[in-house]
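Structural features, examined
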Amino acid sequence: MSPRLRWRKFVSGFMLAMTGVCALVAVSVLFFILGYLVYHGGTSINWSFFTKLPTPVGETGGGMANAIVGSAKLLLAASLLGVPIGFLGAIYLAEFSGSKVAFVVRYAADLLNGVPSIVIGIFAYSLVVLPFKHFSTLAGGFALGLMMVPITLRSTEEFLLAVPRALREAAMALGASKWKTIVTVIVPAAYRGILTAVLLAFARVAGETAPLLFTAFGNRYWSPGWNQPTASLPVMIFTYAVAPYEDWHRQAWAAGLVLLGLILVINIVARAILARGIAVPRA
Amino acid sequence: MAATTSVPSASPISGSRSFVRRLREGDEVARLITFLFAVSVVLVTLLLIFALWQGSALARHKFGLQFFFTRVWDPIAEQFGALPFIYGTLMTATVSLVIAVPLGIGAAIFLAELASARLSDALEFFIDLLAAVPSVIYGLLGVFIVVPLMRDYVQPGLKATLGFLPLFSGPAYGVGFLTAGIVLAIMVIPYIISVSREVLMSVPRDQREAALGLGSTRWESTWKVVVPFARTGIMGSIFLALARALGETMAVTMVIGNTPTISASLFSPGYTIAAVIANEFTEATGDLYLQALVELGLVLFLLTFLLNGLARLLIVITSQRGSGTAHA
Amino acid sequence: MHASVRPAVSLNITPSQTGAIGREPIAALPMRMNISELNFFYGPKQVLFDIGMGVAASKVTALIGPSGCGKSTLLRTLNRMHETVRNARLKGEILLDGQSILAQDVTQLRRRVGMVFQRPNPFPKSIFENVAYGLRINGSKLPISEAVEKSLRHAALWDEVKDHLQKSAYELSGGQQQRLCIARALAVEPEVLLLDEPCSALDPISTAKIEELLVQLKDLCTIVTVTHNMQQAARISDFTAFLLTGQLIEFSPTPQLFTTPGDARTEAYITGRFG
C-alpha cells in the first residue's frame, strides 16, 4: 500500500469517527438536560409544589399551584381555538378546495408557523389586550392557539391526503355524500396521524413563554375566570430563574422538570401512536 | 355530486344533482364551514402583518430608515435606534451557526451514511425530542450551568490563549454574546441534523457507488460526492436553523446580559431584538416607546419570513434534483 | 438471431471439440480474473451457487440471463461493491492476476477494477471534474488535463465536449452522460471494466455508439458486461456466461453459445422461450 493510500485511509477513518463524536455530542445533550433537571429539581417536587400558592417575595416555601392551573387553562383555551381551525381548515384543503385557494392557505399557514413567538405575542397584545386594557388568560390562550393552527393544519392535511383513494371511492360508490364520507371513512382512517398532530402542537405550545409575557402576563395568586392575568409554568420558570432568591431557583428547577417531563411524555406518546399506524406518512 | 376519481374541485359541481339535494345532504354546508375556517388562517395572517405595520406607524414615521443605523436606545430621551439589537441578533446567530453547522452536518453524515437503519432511527428519535425542549428550559440550564462554566473555565481559558484577538478581549462575566451563541447552537442543532440527514439519505445510491467504484475511501465518497450532491438541501437546513436562532427569545435573554452594546468582543454582554421586546414591552411608557418595540418586531418578522422562504425553496430544489427532474 | 431447430445437444461434448462448456476455464488464453466456488448470500438467502469461471484478458465477456438470475450480483462481487450492502456475504475465491481480491485493500482494488452503472450517474460537477475526480484522489502520472483528454478520447466523447469542459455534466444527453461515465472510469486506467447493463436506459443510437466503443476498448482493458439484450451479447462479446436462478448454466465462446448451446436451458433462453 502506498503511503498516499495509507494516509487517505487514515483520514477516512478519522473523519468518520469524528462524525460519530458529533452525533454522540448532539444526542447526549438531551440526557444532560434531563440529568440536570432531575438532579436539581427532583428533590423539590413535593406535595406543596403542586398545591401551594407562591409565598411573598423573600419567604421560602410555597409552590406553583396557580401556575399549573393557569397553564392548564391557557392550554385549554389554545386548543379550543387552534384545533378546530386547524382540523376543519385541513378538511377543506384536503377534500374541497381547488389548488389556488389551497396554495394561499398553505402559504399563510407556513408563514404563520415561521413567525417568532414573541411577534405572535405582540399581535395578541394588540388584538386582545389593548382593546380591553388588561392582560388576560384569554389573550394568552389566543396567542398559543394561533401557534397551534399551522402545525395542526398542515399535519392533518397531510394525513387526510394519505388516506387511500380506494377507501373514498368505496364509500362514494355506496352513495355516501362527501361529508358523510369524510366523517365516517376518511377521518377515522387518518385519526392516528391527526391525533399525533394535535398532541405535538399541544406539546409545542405548552412550553412557550415569550407570547405569554404580555398577554397572560403573570399572577402571584389565583386567576378566576378568563379575563384576568394568570400565572403559567413557563413564565414562572423564567421569573424565578432570573431572580436572586435561592429558594426560587430551587422551585424553577422543579417546575422545569415538571414542564419538560410533560412535554417529553406527550411527544413520546404521540410518536408511539403514529408508529403503530399502518400506511400513514411520517409526521 | 361528482362521484368520480377526479381531484376534489372548488368549482360548483354542475349537472348531476340539484343544489337542494346537495344542501340537504350537508355537503354545501360542510364545504362552507370548512372554507371559513381555512380562510380564517389567511385572514389572521394578514391581520398580523397589518397589526405590526400599524402598531409601529409612529416610530416608522419619526425615525424612518435612520432607525436601522442609530446606536442609541434611550427611552427617557425618546431616542430609539435598532442597531445594537440588530447587531446582537446577528452576532449571536453567527456564533451559534459557527458551532452548530459543523457539529450538525457531522452528526447528519454519521446518521445518514454510517449508522445502521435502526441506530439512525433511534438517534433521530432523540434528536427530535431535543427539538421539542422549550426555550425557557434551555434558558434555565443556561443560567445555572452554562454561565458559571463560561465564567469560571471557558472564558478565562480563551482569554489566556487567544486573548490577543479582539474577539476574546475585555472583562468576562459569563453572560454575553458567546454564551448566548453557545446556547443557541445547542437549540438549533436538531434542525440542521434532521433536515440534513433526510437530504443525505435521499442522494441516489449510485452516486456513492460511482465514487467508491473509482477507488475512493468512504470518507472521500461521502465528503466529495454525496455531501456536494445534497448541498442545496443542507444550505436550506442552515437557513432554517438561522431563522430559528433569530427568533429565539427566552434562552437568549437569560444569558446575554441584556445591555444594548455593540462590541467586537464575544465576552461582552449584548441584546437581541427578541430579548429587548420581551424585557421592555410591558415597561414601555408612552406610545413612541411601545411602537419602536413593535417596529423591532416587524423587522424580526421580515427577517425570519425571508429566511424561511429561502430555506423552503432550497429544500424543494434538492428534492427535485434527487429525483432527476432538475439539473445541477 | 435464432438458433435453428435442432435436437437437444447432449452434455457429453469434449472441450477439445467445442472450446468449453461449464466450469473449465478456456485453455490457452490468459485469464485476467478467475472465479471459483463462489457462493453469495443476502442474509440467510443464497443467491449465487457455486459459480466458477474465468475472465479472459483483453476480451469482452458477457453475462446474460433472465431477471433475477444473479448476473448483476455476480458482476458486483468482482469489485467488491457488494460490501456496500449490510448483510451481503461472499464465500469462495475471486482472483485478479492470480491474487485474491478479498485479501487486498478494497480501495486499491476498485482502482484496478472499474465500474459503469445501469443509469448514467455523473457527479454534480463539470464534465472536466467528473473525469478528473478519480485522478485527483488517486494521483495521476500525467498532468490532469492531459489525462482527462485521453480518457474522453478513449470514450469517443472528446470531440463532442472539448469546447464545453466546464459545463455541468447534466447538460449532456443520456448517451453522452453514459460515455462520460465510461471516460470517468477509464481515467484511472483500470485493468478490468465492469459494465452493468450500460445501455438499458439509452436510445438505440446511443446504444450502438457504446457497443462500438466497448469492442474498441478491449485493447485497453478487459471488459465484463451484464446485458439483458441477447443480440447485444452476440454482437459485441467474445465469451458469454448464461446464468439462471443463481447458477452458471453455461459458459462458452459467444458464437458457440448462440449457435450450438450445450444445455437445453440455454437454448430455451436464447430462443426466447422464457426470460
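Note that the structure is a prediction, hence the values are computed from the model and not measured.

Attention now goes to the overall build of chain A. When its secondary structure is counted, chain A shows 10 helices and zero strands. Helices and strands in chain A line up, N terminus first, as α-α-α-α-α-α-α-α-α-α. Here the C-alpha atoms of chain A give a radius of gyration of 24 Å, more than 25% beyond the 19 Å that 2.2 N^0.38 yields for 283 residues. Counting only C-alpha atoms and orienting by the principal axes, one finds that chain A spans roughly 75 × 70 × 35 Å. When each of the 283 residues of chain A is scored for burial, the buried share is 54%. Contacts in chain A between residues at least 24 apart in sequence constitute 75% of all its contacts with a sequence separation of at least 6. Of the accessible surface of chain A, which amounts to about 12100 Å², a share of 71% is contributed by carbon and sulfur atoms. The centroid of the 21 positive side-chain charges in chain A is displaced by 10 Å from the centroid of its 9 negative side-chain charges.

The helix and strand tally for chain C stands at 11 helices and 10 strands. For chain C, buried positions account for 57% of its 275 residues. Considering only contacts within chain C whose residues lie at least 6 apart along the sequence, 69% involve residues at least 24 apart. As displayed, chain C has an accessible area near 11600 Å², and 52% of this comes from carbon and sulfur atoms.

Turning our attention to the pattern of salt bridges. All names here are of chain C. By the definition in use, this model includes 30 salt bridges over all chains. Between Asp159 and Lys162 there is a salt bridge; the shortest N-O distance is 3.5 Å. Owing to a relative accessible area of 37%, Lys162 belongs among the partly exposed residues under this scheme. When the shortest N-O distance is used, the salt bridge between Asp238 and Lys218 registers 3.1 Å. Placement of the pair is Asp238 in the loop between helix H9 (230-236) and strand S9 (239-244) and Lys218 in the loop between helix H8 (204-217) and strand S8 (222-226), with a sequence separation of 20 residues.

With 26 residues of chain C at the interface, the matching set in chain B holds 24 residues. For the pair chain C and chain B, the two sides together bury roughly 2000 Å², of which 57% comes from carbon and sulfur. Among the residues chain C hides against chain B, the three largest losses belong to Pro124, Tyr133 and Tyr170 of chain C. Together they make up 27% of the total. Linking chain C with chain B are one salt bridge. For Arg76 of chain C, the salt bridge is made with Glu209 of chain B, and the minimal N-O distance between the two is 2.9 Å. Viewed at the interface, chain B and chain C are joined by 10 residue pairs in polar contact (both at pLDDT 80 or more).

As a further point, take a nonpolar patch on the surface. On the surface, Trp7, Phe10, Phe14, Met18, Val21 and Val25 of chain A cluster together into a nonpolar patch covering about 600 Å² of accessible area. Residue classification places Val21 of chain A among the partly exposed positions, given a relative accessible area of 42%.

Turning our attention to the state of the cysteines. Residue and element names in this part refer to chain C. Applying the stated criterion across every chain, the model contains zero disulfides over all chains. Cysteine Cys69 is unpaired, with the sulfur of Cys199 as its nearest cysteine sulfur at 18 Å. Under the relative-accessibility criterion, Cys69 is labelled buried at 1%. No disulfide involves Cys221; its sulfur sits 15 Å from that of Cys181, the nearest cysteine.

Quick look at the pairing of S8 of chain C now. Each regular strand carries side chains that alternate between the two faces of the sheet. Residue and element names in this part refer to chain C. Among the five residues of S8, five are classified as buried, and the element is accordingly described as predominantly covered. Note: strand S3 (residues 60-64) against S8, four bridges, orientation parallel. What sits directly across from Thr61, in S8, is Val224. Taken together, the five bridges between strand S7 (residues 192-196) and S8 define a ladder with parallel strand orientation.

Looking now at the packing of helix H9 (residues 233-242) of chain A against helix H10 (residues 246-275) of chain A. Angle between the axes and distance between the axes: these two values describe a pair of packed helices. All names here are of chain A. Closest axis-to-axis distance for the H9/H10 pair is 8 Å, and the angle between their directions is 150 degrees. By the angle between their directions, the pair H9 and H10 is classed as roughly antiparallel. Considering how the two elements wind past one another, H9 and H10 form a crossing that is left-handed. Mapping the contact onto sequence places Leu233, Pro234, Ile237, Tyr240 and Ala241 in H9 and Trp248, His249, Gln251, Ala252, Ala255, Gly256, Val258 and Leu259 in H10.

In this section: the confidence of the model for chain C. Fine structural detail should not be taken from predicted coordinates in areas where pLDDT scores are low. Residue and element names in this part refer to chain C. For chain C, the average pLDDT comes to 87, and 89% of its residues sit at 70 or higher. Per-element mean pLDDT across chain C ranges from 36 in helix H1 (residues 15-18) up to 96 in S7. Note that residues 1-25 has pLDDT below 50 and, in this model, 33 contacts with residues that lie over four places away or in other chains. Reported confidences for the modelled complex are a pTM of 0.86 and an ipTM of 0.90.

With that out of the way, let us pick up the interface of chain B and chain A. Taken together, the contacts link 81 residues of chain B with 83 residues of chain A. Of the roughly 7100 Å² buried at the junction of chain B and chain A (both faces included), carbon and sulfur atoms supply 81%. Where chain B meets chain A, there are three salt bridges. Glu220 of chain B is the salt-bridge partner of Arg8 of chain A, the closest N and O atoms lying 2.8 Å from each other. Seen at the junction of chain B and chain A, the total is six residue pairs in polar contact (both at pLDDT 80 or more). Of all the elements, helix H2 (residues 27-55) of chain B adds the most residues to the side of chain B that touches chain A, at 16 residues. Looking at the side of chain B that touches chain A residue by residue, the class counts come to 55 nonpolar, 18 polar and eight charged.

Averaged over every residue, the pLDDT of chain A is 90; the share at 70 or more is 98%. Taken together, the stretch residues 278-283 of chain A has pLDDT below 50 and engages in 10 contacts with residues farther than four places along the chain or on a different chain.

Criteria and cut-off values
- Residues numbered from 1 in each chain as written.
- Chains lettered and ligands numbered in written order.
- Predicted model: local features only at pLDDT ≥ 70, side-chain atom pairs only at ≥ 80, totals over all residues.
- Heavy atoms only, no water.
- Helix = DSSP H or I, 4+ residues; strand = E, 2+ residues; numbered from the N terminus.
- Rg over C-alpha atoms; globule rule 2.2 N^0.38 Å.
- Buried < 20%, exposed > 50% of the residue type's maximum accessible area, 1.4 Å probe, protein only.
- Contact = heavy atoms within 4.5 Å.
- Areas by Shrake-Rupley, 256 points an atom, 1.4 Å probe, with all protein chains shown as cover.
- Lys, Arg positive; Asp, Glu negative; His and termini not counted.
- Charge placed at Lys NZ, Arg CZ, Asp CG, Glu CD.
- Salt bridge = Lys/Arg side-chain N within 4 Å of Asp/Glu carboxyl O.
- Buried area = accessible area lost by both parts, 1.4 Å probe.
- Polar contact = N/O pair within 3.5 Å; in protein donor to acceptor, adjacent residues only side chain to side chain.
- Patch = residues over 30% accessible without salt bridge, like charges linked within 9 Å, V, L, I, M, F, W, Y side chains within 5 Å.
- Disulfide = S-S within 2.5 Å.
- Pairing = 2+ DSSP bridges.
- Axes fitted to C-alpha atoms, helices over the stretch in contact; angles between N-to-C directions.
- Parallel < 35°, antiparallel > 145°, perpendicular 65-115°, else oblique.
- Left-handed = near helix turned anticlockwise from the far one by under 90°.
- pLDDT = per-residue confidence, 0-100.
- Nonpolar A, V, L, I, M, F, W, Y, C, P; charged D, E, K, R; others polar.

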